[in-house]
Amino acid sequence: MSDIALLPEVRAFLQQGHDCFINGEYGRASGPAHPVVNPATGETFAEVREADPAQTDAAVNAAHHAFHGTWRDMAPLQRGAILNRLADLIDQHGEELAQLETLCSGKTIQLSRAFEVGQSSHFLRYYAGWAGKINGETLTPSLPSMQGERYTAFTLREPVGVVAGIVPWNFSLMIAIWKIASALICGCTVVIKPSEFTPFTLLRLAGLAKEAGLPDGVLNVVCGTGACGQALIEHEKISKVSFTGSMNTGRKVGAQAMQANLTRATLELGGKNAAGFLADIDTQKAVAGVMEAAYLHQGQVCAAAERFYVHRSRLDEIVDGVAAQLKQLKIGSPLDESTDFGPLSNRPHFEKVSQYFASAPDQGCEIVHGGRALDRPGFFIEPTLAVADRRDATLLQEEVFGPVACFLPFDDEEELLTLMNDSPYGLTASLWTNDLSRALRLVPRIEAGTVWVNMHTFIDPAVPFGGIKGSGIGREFGSAFIEDYTELKSVTVRY
Ligand code: NAD
């Protein structure tokens with residue numbers, strides 16, 4: 001097989017050289033230019049300019065004006081209808097968006113189609129379904145009446161205002177949609193900043209949102225690095241920050257938001273997620289489970305597992321089974337539809353992951369498969385399988401955010417729980433067993449925001465998602481997002 005041909009629309013969009021979308025118009029920013037590099041070749045194919053402080057200010061002002069002018073007071077069902085139209089447009093322009101995403105991130109084209117496009121429109125439609133269902137409640141005041149007067153009370157759920165969204169490079173459209181859809185359906189307006197590595201899908205989305213009928217200023221996009229993100233967070237008209245990224249940046253973002261204006265912030269951060277395989281698990285299921293948990297998008301998935309604790313009696317056969325599967329993976333160009341495994345998304349990340357793999361043998365790990373960068377242009381590194389000889393091995397402690405499964409055997413359930421909870425992070429975890437009673441007894445003792453049983457990396461808009469410990473603050477999806485994007489106003493009436 002060979003690379004698919006790029007659509008003319010993709011080339012045309014890149015040639016237009018947009019680098020911001022403010023108040024319903026594409027524009028050129030005037031800050032420093034950042035190269036946008038194709039991870040499959042290592043070559044720069046476009047550049048994007050950083051929004052300067054005046055442009056960030058204009059974007060926030062546009063969002064503030066649109067919040068007070070139209071969006072907050074629009075009938076919820078009309079807001080829902082616009083989100084549904086945007087979902088339809090994402091589907092209609094799916095191939096264009098998927099190609100833009102693959103060019104920037106190195107995600108295989110099949111994954112870009114299924115996740116960035118397919119999941120984005122599913123999530124949008126899910127949130128659109130909340131239109132008209134975001135309500136307060138009626139309450140019965142509890143204190144006794146003094147002179148026969150009576151009281152009744154109710155709460156209102158009011159949109160918080162302008163939301164600053166900041167997203168990472170690993171799922172640049174889907175994660176942006178999580179934030180945009182939650183904010184918009186609650187009646188908030190948005191200024192969002194993509195990662196400097198993957199700016200184009202989100203820029204393209206902004207034009208589609210306008211076509212879907214979103215009023216000018218409701219969704220604005222500014223591009224740039226952390227400096228642009230910081231200016232956005234610290235703007236006085238920002239009422240909420242919704243951040244997804246690494247734990248280190250998340251700490252800074254939380255502090256910036258708090259310092260700026262006591263601005264509320266939700267932080268969806270990294271993970272060092274564990275999977276525990278009990279002695280009774282079928283080998284085939286376990287091997288397929290490791291492949292699902294560790295290697296999707298070259299392991300650059302926040303929910304992916306990197307720590308694999310396997311009952312000692314089963315370790316060898318599961319490790320052998322995974323190694324055999326890894327040998328079959330077709331590594332290659334992400335624009336080739338037959339490719340299973342593409343490059344890492346950018347050079348700094350490639351260098352960081354390469355360093356982890358090179359030092360693994362000195363840090364308590366034997367590399368059983370992979371571990372090397374490929375001798376070809378671009379940021380390719382082999383899918384990697386390691387077995388640790390101690391629980392504090394670096395590959396069992398630090399988030400690599402790359403294609404690695406690191407194994408360690410355990411002997412009993414108490415030891416398994418200790419190992420699974422031995423992390424500063426707490427995003428996701430999974431248990432693998434045919435004995436559901438045992439699994440359900442263990443689930444409450446696992447320190448993670450999401451625990452899966454006999455599955456991993458499955459995210460559904462109806463099920464809340466977010467981390468505990470160093471993996472963050474707040475939840476997306478389900479009804480949990482409503483807390484984050486609305487203020488609760490209490491109204492009490494004497495009669
Ligand atoms: P990152 O923290 O380096 O960057 C994330 C975003 O923050 C980017 O847009 C970046 O430009 C911006 N940024 C950087 N410094 C900033 C600052 N001081 N102020 C404001 N914004 C700033 O993360 P990354 O390398 O892009 O993404 C990988 C990380 O994201 C991993 O740790 C991964 O686990 C995590 N992640 C978490 C989730 C989740 O839902 N919990 C989902 C995806 C990725």
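Scoring rules and cut-offs
Residues numbered from 1 in each chain as written. Predicted model: local features only at pLDDT ≥ 70, side-chain atom pairs only at ≥ 80, totals over all residues. Heavy atoms only, no water. UniProt positions renumbered as here; feature names shortened; annotations may be inferred. Helix = DSSP H or I, 4+ residues; strand = E, 2+ residues; numbered from the N terminus. Rg over C-alpha atoms; globule rule 2.2 N^0.38 Å. Buried < 20%, exposed > 50% of the residue type's maximum accessible area, 1.4 Å probe, protein only. Contact = heavy atoms within 4.5 Å. Lys, Arg positive; Asp, Glu negative; His and termini not counted. Charge placed at Lys NZ, Arg CZ, Asp CG, Glu CD. Pairing = 2+ DSSP bridges. Axes fitted to C-alpha atoms, helices over the stretch in contact; angles between N-to-C directions. Near = heavy atom within 4 Å. Polar contact = N/O pair within 3.5 Å; in protein donor to acceptor, adjacent residues only side chain to side chain. Areas by Shrake-Rupley, 256 points an atom, 1.4 Å probe, with all protein chains shown as cover. 1 Å grid on protein atoms, 1.4 Å probe; cavity = no way out; pocket = protein on both sides within 12 Å on 5 of 7 lines; lining within 4 Å. Sits in = over half its atoms within 2 Å of the grid points. Nonpolar A, V, L, I, M, F, W, Y, C, P; charged D, E, K, R; others polar. Domains from an automatic or database assignment. Salt bridge = Lys/Arg side-chain N within 4 Å of Asp/Glu carboxyl O. Points joined across faces, edges and corners; volume = space filled by probe spheres on them. Patch = residues over 30% accessible without salt bridge, like charges linked within 9 Å, V, L, I, M, F, W, Y side chains within 5 Å.

- For the protein, an unreviewed UniProt entry supplies the name Phenylacetaldehyde dehydrogenase (PAD) and the organism Alcanivorax dieselolei.
- Entered under Sequence similarities (unreviewed entry) in the UniProt record, the comment concerning the protein runs "Belongs to the aldehyde dehydrogenase family."

### Comments concerning the overall build of the protein
No. 1: Summing up its helical and strand segments, the protein has 16 helices and 22 strands in all.
No. 2: In terms of overall dimensions, the protein is globule-like: its C-alpha atoms have a radius of gyration of 24 Å, near the 23 Å expected for 495 residues.
No. 3: Projected onto its principal axes, the C-alpha positions of the protein cover 75 × 65 × 40 Å.
No. 4: When burial is assessed residue by residue, the protein has 57% of its 495 residues classed as buried.
No. 5: Taking the contacts inside the protein whose residues are at least 6 apart along the sequence as the reference set, 74% of them involve residues at least 24 apart.
No. 6: Taken together, the 41 basic and 57 acidic charged side chains of the protein have centroids lying 4 Å from each other.

### Some details on the sheet that holds strand E7 (residues 162-166)
No. 1: Strand order in the open sheet made by the eight strands is E2-E1-E9-E8-E7-E10-E11-E21, with mixed pairing throughout. The open sheet has two free edges, formed respectively by strand E2 (25-27) and strand E21 (472-473), since each of these has just one partner strand.
No. 2: Where strand E1 (residues 20-22) lies against E2, three bridges are found, and the strand directions are antiparallel. What sits directly across from Cys20, in E2, is Gly27.
No. 3: Packing of helix H6 (residues 174-186) onto the sheet brings it into contact with E7, strand E8 (189-193), strand E9 (219-222) and strand E10 (238-244), and relative to E8 it is tilted by some 165°.

### So, the site of the ligand
No. 1: The environment of the ligand is made up of 31 residues, and the closest members are Val167, Ser246, Thr249, Leu269 and Glu399.
No. 2: Between the ligand and Trp169 there is a distance of 3.0 Å, counted from an oxygen atom to a side-chain nitrogen or oxygen.
No. 3: Here Thr249 contributes a side-chain N or O atom positioned 2.8 Å from an oxygen atom of the ligand.
No. 4: Calculation on the ligand without its partners gives an accessible area of 850 Å², and the protein chains cover 89% of this total.
No. 5: In this structure, the ligand is accommodated by the largest pocket.
No. 6: At the level of secondary structure, the elements contributing two or more residues to the shell around the ligand comprise helix H8 (226-233), E10 and helix H9 (247-261).
No. 7: For the shell around the ligand, the class distribution of residues is 14 nonpolar, 13 polar and four charged.

### Observations concerning the domain arrangement of the protein
No. 1: As assigned here, the protein comprises domain 1 (8-269 + 471-492) and domain 2 (273-461).
No. 2: Each of domain 1 and domain 2 has a C-alpha centre, and the two are 31 Å apart.
No. 3: Listed per partner, the contact involves 31 residues of domain 1 and 33 residues of domain 2.
No. 4: Residue Glu337 pairs with Arg113 through a salt bridge whose shortest N-O separation is 2.9 Å.
No. 5: In this structure, the connection of domain 1 to domain 2 is made through 10 residue pairs in polar contact (both at pLDDT 80 or more).
No. 6: Secondary-structure elements contributing two or more residues to the side of domain 1 that touches domain 2 are helix H4 (94-105) and helix H5 (109-128).

### Some remarks on the side chain of His297
No. 1: Summarising the element assignment, His297 is placed in the loop between helix H10 (283-294) and strand E13 (305-311).
No. 2: By relative accessible area, which is 3% here, His297 ends up buried.
No. 3: Setting aside residues up to four positions removed in sequence, His297 forms contacts with Ser105, Lys107, Leu111, Asn170, Phe171 and Ser345.

### A word on the layout of surface pockets
No. 1: Counted as a void, the largest pocket has a volume near 990 Å³.
No. 2: For the largest pocket, the lining is made up of 42 residues, of which Trp169, Phe243, Gly245, Ser246 and Thr249 are closest to its centre.
No. 3: The dominant element in the lining of the largest pocket, judged by the number of residues it contributes, is H9, at six residues.
No. 4: A breakdown of the residues in the lining of the largest pocket according to their chemical character gives 20 nonpolar, 15 polar and seven charged.
No. 5: Three or more residues apiece are contributed to the lining of the largest pocket by two domains, here domain 1 (8-269 + 471-492) and domain 2 (273-461).
No. 6: Looking at the second largest pocket, its volume works out to about 290 Å³.
No. 7: Around the second largest pocket, the lining is made up of 15 residues, and of these Met291, Glu292, Tyr295, Leu296 and His297 lie nearest the centre.
No. 8: Breaking the lining of the second largest pocket down by element, the ones donating at least two residues are H5 and H10.

### Side note on the environment of Ile192
No. 1: Here Ile192 is to be found in strand E8.
No. 2: Distance from Ile192 to Ala176, taken between C-alpha atoms, is 7.8 Å for residues 16 residues apart in sequence.
No. 3: Once residues within four sequence positions are removed from consideration, Ile192 is found in contact with Gly165, Val167, Ala176, Ile180, Leu202, Leu219, Asn220, Val221 and Val222.

### A few points about the UniProt feature "domain: Aldehyde dehydrogenase" (unreviewed entry) in the protein
No. 1: Here the UniProt feature "domain: Aldehyde dehydrogenase" (unreviewed entry) sits at residues 33-491.
No. 2: The annotated region residues 33-491 carries 39% helix and 22% strand content, and the separation between its end C-alpha atoms amounts to 50 Å.

### Structural notes on a nonpolar patch on the surface
No. 1: Taken together, Phe154, Leu156, Val493 and Tyr495 make up a surface patch of nonpolar side chains, about 340 Å² in accessible area.
No. 2: Examined against the element boundaries, Val493 turns out to sit in strand E22 (residues 486-494).
No. 3: Assessed through its relative accessible area of 34%, Val493 is described here as partly exposed.

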